[in-house]
Amino acid sequence: SEVDAVSDDMIEAIRAIVRQKSVEDTPAPGAPFGTGVRAALDQTLALCRELGFETVNVDGYMGYATWKGEAGADGEPVLPGYVCALGHLDVVPEGSDWTVPPYEGVIRDGFLYGRGANDNKCSCVSCLFALRAIREASIPLRDRVLPKVHENTKPVDEIFAELAKACGVGQY
């Protein structure tokens, strides 16, 4: 099936982003949450481009990927607005109780282990692959995908306010 055809690529993409240590650290130019978080953002935006999306980096705070949807019979997009796959790429410090190296993306007994594998890097990458499948199936959407980089230490209201501003929708 189509899913089986891309599953190995998706798993390797998830393993690659899990290998990127993205714990919040000292801010640097262009990296407001530290260089590891910025590297995770850059890596994910590069994956977006590999999957056929155009990308925008919002000053290292977040990024998004876009594609132009097909117009309906009246010339308007079939689904106006945005499809938002919200996720974050930062992780909290790994601690010391790991039975596998936390930044290697180890596969054992059919499971993927690593810091961020479940929360939330896997979700970000799998959503990108799903959106590519939607596009390749010619389902007409107008889309902006937001791989959010920082979530673990901010209040939810502040996160949504940032996303609403970035999307140009004002109040959420």
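Residues numbered from 1 in each chain as written. Predicted model: local features only at pLDDT ≥ 70, side-chain atom pairs only at ≥ 80, totals over all residues. Heavy atoms only, no water.

## Describing the packing of helix α2 (residues 35-50) against helix α3 (residues 121-136)
Operational definition: Orientation is described by lines fitted to C-alpha atoms, with helices fitted over the stretch in contact, and by angles between N-to-C directions that extend from 0 to 180 degrees. Runs of H or I in DSSP of at least four residues are treated as helices and runs of E of at least two as strands, each being numbered from the N terminus. Angles are sorted into four bins: roughly parallel if under 35 degrees, roughly antiparallel if over 145, roughly perpendicular if 65 to 115, and oblique for all others. Note on convention: near helix rotated counterclockwise from far helix by under a right angle means a left-handed crossing. Clockwise means right-handed. Note on definitions: a residue-residue contact is assigned when non-hydrogen atoms from the two residues lie within 4.5 Å. Three classes are used: nonpolar for Ala, Val, Leu, Ile, Met, Phe, Trp, Tyr, Cys and Pro, charged for Asp, Glu, Lys and Arg, and polar for all others, with Gly counted as polar.
Interaxial distance between α2 and α3 falls to 10 Å at its minimum, and their mutual angle equals 15°. Overall, the two elements α2 and α3 adopt an arrangement that is roughly parallel. Of the two elements, α2 crosses α3, and the hand of that crossing is right-handed. Contact residues: Thr-44, Leu-47 and Cys-48 in α2; Val-125, Leu-128 and Phe-129 in α3. Partitioning the contact of α2 with α3 into residue classes produces five nonpolar, one polar and no charged.

## Section: α2
Our working rule: Every helix has an expected span of 1.5 Å times one less than the residues it contains. Only protein chains enter the accessibility calculation, which uses a 1.4 Å probe; a residue whose area is less than 20% of its type maximum is buried, one above 50% is exposed, and one in between is partly exposed.
An ideal rise of 1.5 Å per residue puts 22 Å on 16 residues; α2 measures up with 22 Å between its terminal C-alpha atoms. Gly-36, Val-37, Ala-40, Leu-41, Thr-44, Leu-45, Leu-47 and Cys-48 are the residues of α2 that are buried. A positive phi of about 100° marks Gly-52, the residue just after α2.

## A word on the pattern of salt bridges
The following threshold applies: By convention in these notes, a salt bridge is any Lys or Arg side-chain nitrogen within 4 Å of a carboxyl oxygen on Asp or Glu.
Enumeration over the complete set of coordinates arrives at three salt bridges. Across the pair Glu-12 and Arg-15 runs a salt bridge, and its minimum N-O distance is 3.2 Å. Here Arg-15 and Glu-12 lie together in helix α1 (residues 2-19), a separation of three residues that amounts to about one turn. The exposure class of Glu-12 is partly exposed, given its relative accessible area of 39%. A relative accessible area of 18% places Arg-15 in the buried class.

## So, the nonpolar core
Selection criterion: Among buried residues, the Ala, Val, Leu, Ile, Met, Phe, Trp, Tyr and Cys ones that are joined through side-chain atoms within 4.5 Å form a nonpolar core.
Formed by 19 residues in total, the largest nonpolar core has its most connected members in Leu-47, Leu-51, Phe-53, Val-125 and Phe-129. Mapped onto this core, the elements with two or more residues apiece are α1, α2, β2 (62-67) and α3. Sorting elements by how many residues they give to this core places α3 first, with five residues.

## Observations regarding α3
Convention followed: What the arc describes is the spread of directions from the helix axis to the C-beta atoms.
Its 16 residues give α3 an end-to-end C-alpha distance of 23 Å, which sits within 8% of 22 Å, the value for a rise of 1.5 Å per residue. By the burial criterion, the buried members of α3 are Lys-121, Cys-124, Val-125, Leu-128, Phe-129, Leu-131 and Arg-132. Viewed along the axis of α3, the buried residues span an arc of 160°, placing them on a single side of the element.

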